[in-house]
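What follows is the residue order along each chain.
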Amino acid sequence: MAWTSRAGSNNVIFYASGGWNGTGWSWSPGGSITSSGGKNQNPSIIQLPNGTLYMFWSYKPTGSPNYQLYYVKQNGGLFSKAYTRVTAPAIMNDTLPSAAVGRDGTLWLTWTRDNTTGLGTGKIMRQLWYKTLKGNFWSTEQPLTSANDINWNFQPSVMVGKDNIVRVAFSKGLSSSNIFDIYDITYNGSVWTAPFQITTQTTTTDSNPSLMQDRNGTFWLFWSRNVQVSSNNTAYTIYSKSSTNPGSTWTSETALTAINCPSSGCVDNENPAAVQSSSDKNIWVFYASNPVSAFNIYGLQTTSPIAPVHDVAIVPYTTVPLLTYIFTNTSQLYPGGLHVPYGWVNGRYSPIDQSALVNVIVIVQNTGDFNETVTLKLYATNTTITLFGTSVFQLSPGAETSQSFNWNTNGFKPARYGITVNASIPIETSGNKPDGIVIASNLVHLLPPGDVDQDGSVTITDVTVVFSAYNFTCFSSTTCSSQFMAAQWADVDGGPIIDIVDATVAAHNFNTVT
């Protein structure tokens, strides 16, 4: 957990880790992550599949008029304390970051950008921006909402669901009326939708949304509402609603905290942050409240665990450099494979054997609470869909297994092929099904025979190489000619000689482009 702590005139970010023992929380003492003076506030903490923690926050150095977003990170130890700026230098303020990680390992960062200055001059404009981190590379900053929108669009909460669709909930409304409702927008991989209104009150402020998905696939939204208690008093209260059909419709709203207005004034409950616990299987909503003289952090939990559920998921590899859900032994090959008697492999002449088999490995985990009979099916996809692997196996709760399949490419047309994997069980709620399906486009490239330079097409370059090496041989490592080596992938039949058979194949596939 990360939070803002006010220490004198400065704000600092604190961090602590804790566990639930069944009856209560046990938290570490905690300590400050931030190490520089000024204003450090609005932390958002996430974890990548490789275990690395990122903590984003809004920072305004002493003497600076503007906030910018920074991060620190750690993996298996203490946070680095080294400030790394995320957003570009600007005259505007970047605040209220929210981060999430997709199933493909992409980190999504959203925030509020406004033109409020230290002096409060000018008309305030607040809109949403985002950027992504893939591997070690950040994308450019992009607006989520238009600078021409007269509404404030701010306080984002980003979530990537089991379906790998990005959703951002935020507060939207006219600052002149001080009436704000919660909206969301979604990104399906190519376009963002128009804002969809989730709360519909017309008299007050709904703010600081927290959007999440539970282990049963249900979407939950938590937010603060400023409730008018009397002519002189208002109180912030935590509300919630949920959706079982990926945000198409939502339940009626429910107040989670009661209004409490003793003689000293009303208690405010603000800034909810919700998380699905993997230990006790409850949803926990942490929030700030001031029942005494200052704000402290409190927690709400569901009255019963989100259990039992049926769910199986395809999970990523953690032993390869880049996150992948489908591991193959090759990215390109010739249909049916090729055999070249001698080629240059790892600094020496060795036989080059290219198999017709594409080996595909998939890891499946039972993330539910029941013993499951899992059916795993693999398809090669292009203009047609071909089932090439099926496996049925038992999986106990929490267990995972690695399944290996061979796709025989004999008879397949040279082209780029995707691999689709579907892990299914007899009973599974619709919200949980997406993480049992993985679609990898252009994963395997079947090259046309005669494609000597392996660029996916047979052109005049390939044909010229074949004829320039015509009749050159490679009967042994000591007699293998350099001309043969230059055209080794032209020896389609593994002669070992480049002859009329190979020339005919190259001519037959001339102008084939895949």
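Being a predicted model, the structure only gives us computed values, none of them experimental. (Residues numbered from 1 in each chain as written. Predicted model: local features only at pLDDT ≥ 70, side-chain atom pairs only at ≥ 80, totals over all residues. Heavy atoms only, no water.)

Chemist: Tell me about the state of the cysteines, residues and numbers included.
Modeler: One pass over the full model with this rule turns up two disulfides. Each sulfur of the disulfide joining C261 and C266 lies 1.9 Å from the other. Between C261 and C266, the S-S dihedral sits near 100 degrees, and the bridge is therefore right-handed. Two residues share a disulfide in this structure: C474 and C480, whose sulfurs sit 2.2 Å from each other. For the disulfide bridge between C474 and C480, the dihedral angle about the S-S bond is near -110 degrees, and by the sign convention the bridge is left-handed. Taking the relative accessible area as the measure of exposure, C474 reaches 0% and is therefore buried. Taking relative accessible area as the criterion, C480 reaches 10% and is therefore assigned buried. Numbered by order of appearance in the sequence, the disulfide-linked cysteines of the protein chain pair as 1-2, 3-4. (Disulfide = S-S within 2.5 Å. Buried < 20%, exposed > 50% of the residue type's maximum accessible area, 1.4 Å probe, protein only.)

Chemist: Outline the sheet that holds strand β22 (residues 254–255), supporting the account with residue identities and numerical values.
Modeler: If you trace the four strands from one edge of the open sheet to the other, you get β19-β20-β21-β22, paired in antiparallel fashion. The sheet is open, and its two borders are formed by β19 (206–213) and β22, each paired with just one other strand. (Pairing = 2+ DSSP bridges. Helix = DSSP H or I, 4+ residues; strand = E, 2+ residues; numbered from the N terminus.)

Chemist: For the pattern of salt bridges, give the residues involved together with the corresponding values.
Modeler: Taken as a whole and assessed by the stated rule, the structure comprises 11 salt bridges. R126 serves as the salt-bridge partner of D114, at 3.1 Å between the closest nitrogen and oxygen. Here D114 is found in strand β11 (residues 107–114), whereas its partner R126 is found in strand β12 (residues 126–134), with 12 residues between them in sequence. With respect to class, D114 is no different from R126; both count as buried. By sharing partners, the salt bridges in this structure join D94, R113 and E141 into a single network. (Salt bridge = Lys/Arg side-chain N within 4 Å of Asp/Glu carboxyl O.)

Chemist: Break down helix α1 (residues 460–468) for me, citing the residues and quoting the values.
Modeler: Looking only at α1, the buried set comprises D462, V463 and V466. Looking straight down α1, one finds its buried side chains confined to an arc of 95 degrees; they lie on one side. Where α1 is buried, its residues meet α3 (500–508). (Arc of directions from axis to C-beta. Contact = heavy atoms within 4.5 Å.)

Chemist: Kindly report on the side chain of T110, identifying the contributing residues and their values.
Modeler: Within the element layout of this structure, T110 appears in strand β11. For T110, the residues in contact, after removing those within four places along its chain, are L96, P97, S98, W129, Y130, L144, P156, V158 and V168.

Chemist: Could you give an account of the packing of aromatic side chains, naming the residues involved and the relevant values?
Modeler: All told, the structure shown has 38 aromatic pairs when counted by the stated rule. Considering the side-chain rings of Y59 and Y83, the 5.1 Å spacing of their centres and the 80 degrees angle between planes classify their relative orientation as edge-to-face. On the criterion of sequence distance, the pair formed by Y59 in strand β7 (residues 53–60) and Y83 in the loop between β8 (68–74) and β9 (84–85) is long-range, its members being 24 residues apart. The same class applies to Y59 as to Y83, namely buried. Here Y71 and W138 contribute two aromatic rings whose centre-to-centre distance is 6.4 Å and whose plane-to-plane angle is 40 degrees, an arrangement assigned as tilted. Of this pair, Y71 sits in strand β8 while W138 is found in strand β13 (residues 137–138), placing the two residues 67 residues apart along the sequence. (Phe/Tyr/Trp six-rings, centres within 6.5 Å; stacked < 30°, edge-to-face > 60°.)

Chemist: A description of α3 should follow, citing residues and the corresponding values.
Modeler: Of the residues making up α3, those classed as buried are D502, A503 and A506. Along the axis of α3, the buried residues cluster in a sector spanning 100 degrees; they form a single face. More than 90 degrees from the buried face of α3, the exposed residues found are I500 and H508. The secondary structure elements touched by the buried residues of α3 are α1. You can read the cap of α3 off the contacts: a side-chain oxygen lies 3.2 Å from the backbone nitrogen of V501, and it is on D499. (Polar contact = N/O pair within 3.5 Å; in protein donor to acceptor, adjacent residues only side chain to side chain.)

Chemist: Give a description of the nonpolar core that names residues and reports values.
Modeler: Core analysis: the largest hydrophobic core is formed by 29 residues, its most contacted members being L376 and W407. For this core, the secondary structure elements donating two or more residues are β26 (312–314), β31 (357–366), β32 (372–381), β33 (385–395), β34 (400–408), β35 (416–424) and β36 (437–446). Those residues within four positions of L376 in sequence are excluded, and the remaining contacts are V362, V364, G389, T390, S391, F393, Q403, F405, V421, N422 and A423. Core analysis: the next-biggest nonpolar cluster, separate from the first, contains 14 residues, V458, M485, I498 and A503 among them. (Core = buried A, V, L, I, M, F, W, Y, C linked by side-chain atoms within 4.5 Å.)

Chemist: Requested: an account of the side chain of E270, with residues and values cited.
Modeler: When you line up the elements, E270 lands in strand β23 (residues 269–276). Buried E270, no salt bridge; nearest opposite-charge side chain is R6, N-O distance 10.0 Å. Non-local contacts of E270, meaning those with residues more than four positions away in its chain, are made with S224, Y236, I238, Y287, A288 and F295. (Lys, Arg positive; Asp, Glu negative; His and termini not counted.)

Chemist: So, the sheet that holds β32: which residues are in play, and what are the values?
Modeler: The five strands are arranged β28-β36-β35-β32-β33 in an open sheet whose pairing can be described as mixed. The sheet is open, and its two borders are formed by β28 (332–333) and β33, each paired with just one other strand. In terms of strand pairing, β32 meets β33 through 10 bridges, oriented antiparallel. Its bridge partner lying in β33, T381 is registered against I385.

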